[in-house]
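The residues making up each chain are set out below.
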Amino acid sequence: MLKVGVLGAGHLGKIHLRLLQQSEKYELVGFYDENHENGAKIEAEFGYKQFDTIAKLIHAVDVIDIVTPTLSHYKCAKVAIKSGKHVFIEKPISTTVEEAEEIIALAKEYNVKGQVGHVERFNPAFTAVKDMIDNPMFIETHRLAEFNPRGTDVPVVLDLMIHDIDAILSVVKSKIKSVHASGVSVLSQSPDISNARIEFENGCVANITSSRISMKNMRKSRFFQKDAYISVDYLDKTCEVVKMKDAPEVPGDFDMILQNAEGKRKQIYFANPEVHQNNAILDELETFADAITNNTTPIVTLEDGTEALRVAYMIIDSMKQNTN
């Protein structure tokens, strides 16, 4: 079992602590939170050991799980990596692309592994269809959330949209050609709702909408590709795959057949991939343990996290140009 320590015991940090305590791949050594009063409450309630300095916690473990506010990701990762510890960093990887690139360089220099917490890659609805997504040419995503003051210190692009950016980059194997985006600040100082159109060099277009001022929660993506339509509902953890193939000469009574203007006939059929329910956060943490133990590449690499951040800033820059 890998010895692990958690930095940050806020809302998400407490979830990580609970799951690491349950995990058979980690031994939870303890945690550090800069709010010692909050830390003392958590220690008293759950029995996790609170460390009084980051240095002491880092010294006692093999892996550091960074669940602090984004502003401190870089500083925490730097100290942990320089101490030769593997790092799991909650998304976004850091505040700037430059910081993220330095984290990558340090991990290589100190020969440690890193993973970024883009949890939707482990969502069972996405993993059920991921291998069926083949050269999509149009992608549409909606990630809408009810207002929550937590997280409004960053634009909605870094808070919510970055989940979809990462998922899209993981299935579109092409460089980005252009980004056009607009956003509106309604309740916060930074945009609360944003729409981005990403065009890739291979012709694929992704249309992404994120909002944190919606009346209801929604997290859906739709992928359109030759002869198939794939939808993923990250919230309900369900998926749908509609495929087309050339129609048989003599269709069955219940076959769904479409005919285009040229007279070409296609049969529509539904593929129902099995969705294996899981705890996505536990899965991402445990696959990272596997990558360390087996010396393999983590599922969401530091480079993946950096690329998602780079595209997020392209969207933010485009929003600024369109509001000035």
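As annotated in an unreviewed UniProt entry, the protein carries the name Gfo/Idh/MocA family oxidoreductase and is attributed to Flavobacterium silvisoli.

In this section: the environment of Ser23. Mapped onto the elements of the fold, Ser23 is located in the loop between helix H1 (11-22) and strand S2 (26-32). Residue classification places Ser23 among the buried positions, given a relative accessible area of 6%. Distance in space between the C-alpha atoms of Ser23 and Leu285 is 9.0 Å, their sequence separation being 262 residues. Aside from chain neighbours lying at most four places away, what touches Ser23 is Met1, Leu282 and Glu286. There is a polar contact of 3.0 Å between the side chain of Ser23 and the backbone nitrogen of Lys25. Among the polar contacts listed, one links the side chain of Ser23 to the side chain of Glu286, at a separation of 2.6 Å.

This brings us to the sheet that holds strand S9 (residues 205-211). Remark on secondary structure: sheet strands pair via backbone hydrogen bonds, oriented parallel or antiparallel. Pairing is mixed across the open sheet formed by nine strands, whose spatial order is S7-S8-S9-S6-S10-S11-S12-S14-S13. Single-partner strands in this sheet number two, and they are strand S7 (176-184) and strand S13 (256-259). The mean inter-strand angle of the sheet, taken between neighbouring strand axes irrespective of direction, is 15°. Relative to strand S12 (residues 238-246), strand S11 (residues 228-233) runs antiparallel, the two sharing six bridges. The residue bridging Ile230 from the neighbouring strand is Val241, located in S12. Against the sheet, helix H7 (residues 156-171) makes contact with strand S6 (138-144), S7, strand S8 (193-200), S9 and strand S10 (218-225), and its axis sits at roughly 155° relative to S9, the strand it touches most.

What follows deals with the packing of aromatic side chains. Applying the stated criterion across every chain, the model contains five aromatic pairs. With a centroid separation of 5.0 Å and 45° between ring planes, the pair formed by Phe224 and Tyr229 is classed as tilted. Residue Phe224 is classed as partly exposed on the basis of its relative accessible area of 28%. A cation over an aromatic ring shows up here: Lys49 above the ring of Phe51, its NZ or CZ 4.6 Å from the ring centre. Over the face of the ring belonging to Tyr234 we find Arg143, whose NZ or CZ atom lies 5.3 Å from the ring centre.

Basis of the calculations
Residues numbered from 1 in each chain as written. Predicted model: local features only at pLDDT ≥ 70, side-chain atom pairs only at ≥ 80, totals over all residues. Heavy atoms only, no water. Helix = DSSP H or I, 4+ residues; strand = E, 2+ residues; numbered from the N terminus. Buried < 20%, exposed > 50% of the residue type's maximum accessible area, 1.4 Å probe, protein only. Contact = heavy atoms within 4.5 Å. Polar contact = N/O pair within 3.5 Å; in protein donor to acceptor, adjacent residues only side chain to side chain. Pairing = 2+ DSSP bridges. Axes fitted to C-alpha atoms, helices over the stretch in contact; angles between N-to-C directions. Phe/Tyr/Trp six-rings, centres within 6.5 Å; stacked < 30°, edge-to-face > 60°. Lys NZ or Arg CZ within 6 Å of the ring centre and 35° of its normal.

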